[in-house]
Amino acid sequence: MQTDITNIPTQYEAIATATRQLDFNMASDLYTGSLLKTLVASKPGARILELGTGSGLATSWIVSGMNKDAVLITVENNEVLLSVAKENLKDNSIQFVLADGYTWLKEYKGEQFDLIFADAMPGKYDLFEETFSLLKAGGFYIIDDMLPQPNWPHGHAERVHSFINHLETRNDIVLTKLNWSTGIIIVVKL
Ligand SMILES: C[S@@+](CC[C@H](N)C(=O)[O-])C[C@H]1O[C@@H](n2cnc3c(N)ncnc32)[C@H](O)[C@@H]1O
């Protein structure tokens, strides 16, 4: 049942084709995308933050779950990848930001978000507190790649383990670890 992913965004295939041509091997999969769309749809009018746009695969799912009042800011430091996302996802509700996530997170002074998909080092393993402070109470913080992946560099497994331990010992969150996609954790801020 779970392998039968339906309602794939119309732009997804074009983005996937461009992504394969770029040999980008960190792309989010259909399972993560489908879950993101579902969670986004639970928050009409949401302010959404994606850290690590890549070529826009997950972004296409996020956008397909957004209602007309929702907005998305998505941050990526690779201009080539971001241009694929921009070309394929022309939508006024999306703000594409070409920036270093570390700098962007330290400088952002805008409103908090209802949902954050943290898919880059900044926002996840680095600057977590700064990122989490940008989430509203009741908001979703979502991360994938939490189960061992073939592209993990040496020492990354320990970092993942310690990050999960940290999340599990906090008393200001509720979380569920899912054996779904590459290993997803859904955190809700109290
Ligand atoms: C796991 S990939 C994101 C995949 C994407 N969510 C998708 O749907 O395919 C991580 C992305 O973070 C970007 N990235 C890495 N370091 C970054 C930084 N310091 N600031 C902004 N983006 C960064 C990479 O270029 C890469 O595109």
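For the structure itself, look to the data block above.
So, here's what we can say about the structure. Counting starts from 1 at the beginning of each chain's written sequence and moves along it residue by residue. At least 70 in pLDDT is required for a residue's local features to be given in this predicted model, at least 80 for side-chain atom pairs to be given and counted, and no such filter applies to totals for whole chains, interfaces and linings, which use all residues. To obtain the side-chain values, all non-hydrogen atoms of the structure were used and water was disregarded.

**Focus on the overall build of the chain**
1) Next: By the criteria applied, helices consist of DSSP H or I runs no shorter than four residues and strands consist of E runs no shorter than two, each listed in order from the N terminus. Counting secondary structure elements, the chain contains 7 helices and 7 strands.
2) Next: When the elements of the chain are put in sequence order from the N terminus, they spell out α-α-β-α-β-α-β-α-β-α-β-α-β-β.
3) Next: What the globule rule says is 2.2 Å times the number of residues to the power 0.38, and the radius of gyration is computed from C-alpha atoms. On C-alpha atoms alone, the chain measures out to a radius of gyration of 15 Å, which is about the 16 Å that the 2.2 N^0.38 rule sets for 190 residues.
4) Next: Overall, the chain is about 40 × 35 × 35 Å in size when its C-alpha atoms are taken along their principal axes.
5) Next: We call two residues in contact whenever any of their non-hydrogen atoms come within 4.5 Å of each other. Of the contacts made within the chain by residues no fewer than 6 positions apart, 63% connect residues no fewer than 24 positions apart.

**What about the pattern of salt bridges?**
1) Next: By convention in these notes, a salt bridge is any Lys or Arg side-chain nitrogen within 4 Å of a carboxyl oxygen on Asp or Glu. Counted according to the given criterion, the structure contains 8 salt bridges.
2) Next: Linking E111 and R47 is a salt bridge whose minimum nitrogen-to-oxygen distance equals 3.9 Å. You can see E111 sitting in the loop between α5 (101-107) and β4 (113-118) and its partner R47 sitting in strand β1 (residues 47-51), a full 64 residues away along the chain.
3) Next: Exposure remark for E111: the relative accessible area of 53% places this residue in the exposed category.
4) Next: Between K136 and D114 there is a salt bridge whose closest N-O contact spans 3.2 Å. Three labels apply to residues, based on accessible area from a 1.4 Å probe with only protein chains included: buried if under 20% of the type maximum, exposed if over 50%, partly exposed otherwise in between.

**Some remarks on helix α4 (residues 79-88)**
1) Next: Here α4 has its buried residues at L81, L82, V84 and A85. End-on view of α4: buried residues confined to an arc of 150 degrees, all on one side of the axis. The exposed set on the far side of α4, more than 90 degrees from its buried face, consists of E79 and E87.
2) Next: Where α4 is buried, its residues touch α1 (12-21), β2 (71-76) and β3 (94-98).
3) Next: The distance from a side-chain oxygen at the start of α4 to the backbone nitrogen of V80 is 3.0 Å, and the residue carrying that oxygen is N78. The arc refers to the directions leading from the helix axis to the C-beta atoms. By the criterion applied in these results, polar contacts are pairs of N or O atoms within 3.5 Å in which, for protein atoms, one can donate a hydrogen and the other can accept it, and in which residues neighboring in sequence qualify only through two side-chain atoms.

**Observations regarding the packing of aromatic side chains**
1) Next: For Phe, Tyr and Trp, where Trp contributes only its six-membered ring, two rings pair if their centres lie within 6.5 Å, and the inter-plane angle classes them as stacked under 30 degrees, edge-to-face over 60, or tilted in between. Summed over the entire model, instances satisfying the criterion amount to 9 aromatic pairs.
2) Next: Between Y12 and W61, the ring centres sit 6.3 Å apart and the planes meet at 65 degrees, which makes this aromatic pair edge-to-face. Of this pair, Y12 sits in helix α1 while W61 sits in helix α3 (residues 57-65); the two residues are 49 residues apart in sequence, bridging distant segments of the chain.
3) Next: A relative accessible area of 10% places Y12 in the buried class.
4) Next: Assessed through its relative accessible area of 1%, W61 is described here as buried.
5) Next: Taken together through their ring pairs, the aromatic side chains of Y125, F128, F132, Y141 and F163 make up a single cluster.
6) Next: In this arrangement the basic side chain of K189 is found over the ring face of F132, its NZ or CZ atom lying 5.1 Å from the centre. Both a distance and an angle decide whether a charge sits over a ring: NZ of Lys or CZ of Arg must be within 6 Å of the ring centre and within 35 degrees of the ring normal.

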